[in-house]
Amino acid sequence: MNFIQKLKDPFLSQVADLFPFDFLSQSSEDLLLYGKDWTRVYVPNPSAIAFPRTTEEVSQFLKLCSDHQVAVVPSGGRTGLAGGAVAVQGEIVLSLRRMNRLDAVDELAQTVRVQAGCVTEAVHQHTGLHGLTWPVDFASKGSSQVGGNISTNAGGVKVIRYGLTRQWVLGLQVVTMKGEILELNGALEKNNTGLDLRQLFIGSEGTLGIITEATLKLTRTPGELDVFFFAVDGIPKVLELFQEVRKASFSIMAFEFLTKNCLNLVTQMRGLKAPFSRDYSAYVLIEIERNRALNTESGGKNFEDQMESWLATLFEKELVLDGTLAQSPRDARDLWSLREGISESLSMKGRVHKNDIALPVSGLKNFIEEMNLLFSRRQLGLEVFLFGHIGDGNLHVNTMMPEGMGQEEFERICDAVDLDLFSLVQSYEGSVSAEHGIGLLKKNVLHFSRSPIEIALMKDFKRILDPQGLLNPGKIF
């Protein structure tokens, strides 16, 4: 169904009467910018972009859209990679960009109330003034928004320490397609009064309601951090190293890995300096928080001694072949750039087919071995770039289109390989989408991770909250 035909009088007349003059835009620049996300697979085709400033405006607008059967696509920072914020059927895009209010930080409760359009990094800066942080962190924090993070239950590089976004949301304000405003849980730490509807909206990709405000749970800002970059002899050693790191006395903030071709690509495309004088088959970035208690008791000496002994053990056991430690905040940023710059570098090099999958951590070693056999058996000649958050089982499997191959042939091959890959993921009880949701891109493979009964129940929830199917239509199902 194409919804663009609905944008006629009296709908537009009522919008003009009820909302400020700058509420709705149909400029070609806005349509192109706000009609898509980072997926870059779909051609945006929105009919208009709405820019509310308050929850009340969102409520009034959604009720008007329901009355006129106008479909709506909610939009945050548009950093998703599954087409979840793309308008392809003439829908109106509802951008939360102007809803960026940050309330005062409650230092006693360690919470903050924010509007959904707040940029993630702005929340970090706001709470950091009080020695607190919202520990949801990823490479796109400078443009991603709180509402989008929550609606996709975003992960990122610190999941191994803090968990997913849903662990850090106390309360939500949500508007349904009927215009109803729901206040869910407020700022309560405990609330045992039946179904937790807040969790229903977290991760629902804007298909059940539009998140307009959230009460975020905060934690203290981490203490002094150390960032290591290690060279290892293949992915099995990556997993052995992870097991050893798990036993250490310090707190792991991040455990990331990348293959040799990923490092070579990011240094080439972004002009970054390679950390070692020679190539190795795989690399690991580890960020740890120094143990404050040890530093307090012995002025840091005890920690330094323990760290030196631990590092020596890693080399003695041949878990690492080479390594470097950031000596300054700038060094740490440079090392992180080697990991966080991979996705951008892949896009700069050419057309890439991305997969974002998750496996039980205990099954990673065998899964990766079987996955490599799968690619080699097919003898496709495609280069695979592998990286991810190994500590939480999340792998990013990226396939680069070879020079001289046509786009249609490349997509056909990748689609066929995906079916085998997702079947393998299913056999390990994994997920076909670890971080970016289902959106438009992966709805045809949802059955590899969810049972028919689960999918039927999700559709039932959708029908109850959005009976006309007007809110982010075509996404997930």
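All values reported here derive from a predicted model rather than from experimental measurement.

J.: Just to check I follow, could you spell out the sheet that holds strand E8 (residues 181-184) for this structure?
T.: Working definition: the strands of a sheet are paired by backbone hydrogen bonds and lie parallel or antiparallel to each other. The sheet built from four strands is open, its strands ordered E5-E9-E7-E8 with antiparallel pairing. Looking along the sheet, the strands with just one partner apiece sit at the ends: strand E5 (111-115) and E8. Strand-to-strand, the axes of this sheet are offset by a mean angle of 15 degrees, without reference to chain direction. Bridge analysis of strand E7 (residues 169-175) against strand E9 (residues 210-217) gives six bridges, and the strand direction is antiparallel.

J.: Sorry, what's going on with the state of the cysteines here?
T.: Should the sulfur atoms of two cysteines be covalently bonded, the bond is a disulfide. Enumeration over the complete set of coordinates arrives at zero disulfides. With no disulfide partner, Cys 262 has as its closest neighbouring cysteine sulfur the one in Cys 414, 16 Å distant.

J.: Any chance you could explain the sheet that holds strand E17 (residues 394-400) here in plain terms?
T.: On the basis of which strands lie adjacent, the open sheet formed by seven strands has the order E14-E11-E13-E12-E16-E17-E15 and antiparallel pairing. Strands at the two margins of the open sheet, each flanked by one partner only, are strand E14 (322-325) and strand E15 (352-358). Strand-to-strand twist of the sheet, defined as the mean angle between neighbouring strand axes without regard to direction, takes the value 15 degrees. With seven bridges joining them, strand E16 (residues 383-389) and E17 adopt antiparallel strand pairing. Looking at E17, one finds that His 389 is bridged to Asn 394.

J.: So what exactly am I meant to see when it comes to the confidence of the model for the protein chain here?
T.: Detail in the predicted coordinates should be disregarded across regions flagged by low pLDDT. For the protein chain, per-residue confidence averages 92 on the pLDDT scale, and 96% of positions sit at 70 or higher. pLDDT under 50 marks residues 295-299. Its contacts with residues more than four places away, or in other chains, come to four contacts.

J.: Mind showing me how you'd approach helix H13 (residues 342-349) here?
T.: Note: α-helices contain 3.6 residues per turn, so residues at a spacing of three or four share the same orientation. When H13 is considered as a whole, its buried residues turn out to be Ile 342, Ser 345 and Leu 346. The buried residues of H13 occupy an angular sector of 100 degrees when projected down its axis, which confines them to one face. Those residues of H13 that are buried are in contact with strand E12 (251-259), helix H9 (260-270), helix H12 (329-340), E15, E16 and E17.

J.: Explanation requested: the environment of Asn 398 in the structure shown.
T.: Here Asn 398 lies in strand E17. According to the relative accessible area criterion, Asn 398 is buried, its value standing at 2%. It is 29 Å that separates the C-alpha atoms of Asn 398 and Gln 167, two residues lying 231 residues apart in sequence. The contact partners of Asn 398, leaving out residues within four places of it in the chain, are Leu 346, Val 352, His 353, Lys 354, Glu 383, Val 384, Phe 385 and Phe 387. In terms of polar contacts, Asn 398 uses its side chain to reach the backbone carbonyl oxygen of His 396, at 3.5 Å.

J.: Help me understand the packing of H9 against H13 in this model?
T.: Angle between the axes and distance between the axes: these two values describe a pair of packed helices. Between H9 and H13, the shortest axis-to-axis distance is 9 Å and the interhelical angle comes to 70 degrees. It follows that H9 is roughly perpendicular to H13 by the angle criterion. In this structure, H9 uses Cys 262, Leu 265, Val 266, Met 269 and Arg 270 to contact H13, whose residues at the interface are Ile 342, Glu 344, Ser 345, Leu 346, Met 348 and Lys 349. The class makeup of the residues in the contact of H9 with H13 is seven nonpolar, one polar and three charged.

J.: Mind showing me how you'd approach a nonpolar patch on the surface here?
T.: Together, Ile 453, Leu 457, Phe 461 and Ile 464 line one region of the surface with nonpolar side chains, adding up to about 430 Å² of accessible area. Relative to the assigned elements, Ile 453 resides in helix H16 (residues 452-465). Among the residues examined, Ile 453 registers a relative accessible area of 63% and is labelled exposed.

J.: Even after reading the chapter, I still don't get unusual backbone geometry, so can you show me in this structure?
T.: A negative phi holds for most residues other than glycine; trans holds for most peptide bonds. Phi is positive for Asn 185, close to 80 degrees, though the residue is something other than glycine. Assignment of secondary structure puts Asn 185 in the loop between E8 and helix H7 (197-201). Of the residues examined, Asn 185 reaches a relative accessible area of 16% and is grouped as buried. Although it is not a glycine, Asn 472 sits at a positive phi angle of roughly 45 degrees. Relative to the elements of secondary structure, Asn 472 occurs in the segment after H16.

J.: Where do I start with H12 in this structure?
T.: Here H12 is twelve residues long and its end C-alpha atoms lie 16 Å apart, about the 16 Å a rise of 1.5 Å per residue gives. Buried residues of H12: Ala 332, Leu 335, Trp 336, Leu 338 and Arg 339, and no others. Buried residues in H12, looked at end-on, bunch into an arc of 145 degrees, giving them a common side. Facing away from the buried surface of H12 by more than 90 degrees, the exposed residues are Arg 330 and Arg 333.

J.: Sorry, what's going on with the packing of aromatic side chains here?
T.: Two descriptors summarise a pair of aromatic rings, namely the distance from one centre to the other and the angle between the planes of the rings. Applying the stated criterion across every chain, the model contains 17 aromatic pairs. Aromatic pair Phe 229 and Phe 276: ring centres 6.2 Å apart, planes at 35 degrees, arrangement tilted. In this pair, Phe 229 is assigned in strand E11 (residues 225-232) and Phe 276 in the loop between H9 and strand E13 (282-289), connecting sequence segments 47 residues apart. Assigned by exposure class, Phe 229 and Phe 276 land together as buried. Here the aromatic rings of Phe 422 and Phe 448 are separated by 6.0 Å at their centres, their planes lie at 50 degrees, and the arrangement is tilted. Of this pair, Phe 422 sits in helix H15 (residues 407-427) while Phe 448 sits in the loop between H15 and H16, and the two are 26 residues apart along the sequence. Within the aromatic cluster, the residues linked to one another by ring pairs are Phe 11, Phe 19, Phe 23 and Phe 61. Note that Lys 217 overlies the ring of Trp 168, its terminal NZ or CZ placed 5.9 Å from the centroid. Above the face of the Tyr 280 ring, Arg 278 is positioned so that its terminal group lies 4.0 Å from the ring centre.

Calculation criteria
Each chain carries its own residue numbering, running from 1 in the direction its sequence is written. Reporting in this predicted model follows two pLDDT cut-offs: at least 70 for local features of residues, and 80 or more for side-chain atom pairs to be given and counted; totals over whole chains, interfaces and linings ignore these cut-offs and use all residues. Here the side-chain values reflect all heavy atoms present in the structure, with hydrogen atoms and water set aside. Here the rule is simple: two strands pair whenever DSSP picks up at least two bridges between them. Counting from the N terminus, the helices are the DSSP runs of H or I reaching at least four residues and the strands are the DSSP runs of E reaching at least two. Fitted lines through C-alpha atoms give the axes, limited to the stretch in contact for helices. The angle between two N-to-C directions lies from 0 to 180 degrees. We call a pair of cysteine sulfur atoms a disulfide whenever their separation is within 2.5 Å. The pLDDT value tells you how sure the predictor is about a given residue, anywhere from 0 up to 100. Residue contacts follow a heavy-atom distance rule, with two residues in contact if any of their heavy atoms lie within 4.5 Å. Burial classes: relative accessible area under 20% of the type maximum marks a residue as buried, over 50% as exposed, and values in between as partly exposed (1.4 Å probe, protein chains only). For this quantity, the arc is that covered by the directions from the helix axis to the C-beta atoms. Two N or O atoms form a polar contact when they lie within 3.5 Å of each other; inside protein one atom must be a possible hydrogen donor and the other a possible acceptor, and for residues adjacent in sequence the pair counts only when both atoms belong to side chains. Throughout this description, any angle smaller than 35 degrees is read as roughly parallel, any larger than 145 degrees as roughly antiparallel, any in the 65 to 115 degree range as roughly perpendicular, and the remainder as oblique. Each residue gets one label: Ala, Val, Leu, Ile, Met, Phe, Trp, Tyr, Cys and Pro are nonpolar, Asp, Glu, Lys and Arg are charged, and the others, such as Gly, are polar. Surface patches are drawn from residues lacking salt bridges whose relative accessible area is over 30%; two like charges belong together within 9 Å, two nonpolar side chains (Val, Leu, Ile, Met, Phe, Trp, Tyr) within 5 Å. Areas reported here follow the Shrake-Rupley algorithm with a probe of radius 1.4 Å; residue values treat only the protein chains shown as occluding. Just to be clear on terms, a salt bridge is a Lys or Arg side-chain nitrogen sitting within 4 Å of an Asp or Glu carboxyl oxygen. By this rule the span expected of a helix is its residue count minus one, scaled by 1.5 Å. Each Phe, Tyr or Trp ring, with Trp reduced to its six-membered ring, pairs with another whose centre is within 6.5 Å; inter-plane angles below 30 degrees give stacked pairs, above 60 give edge-to-face pairs, and intermediate values give tilted ones. Here, over-ring charges are defined by two tests on the NZ atom of lysine or the CZ atom of arginine: distance to the ring centre within 6 Å, and angle to the ring normal within 35 degrees.

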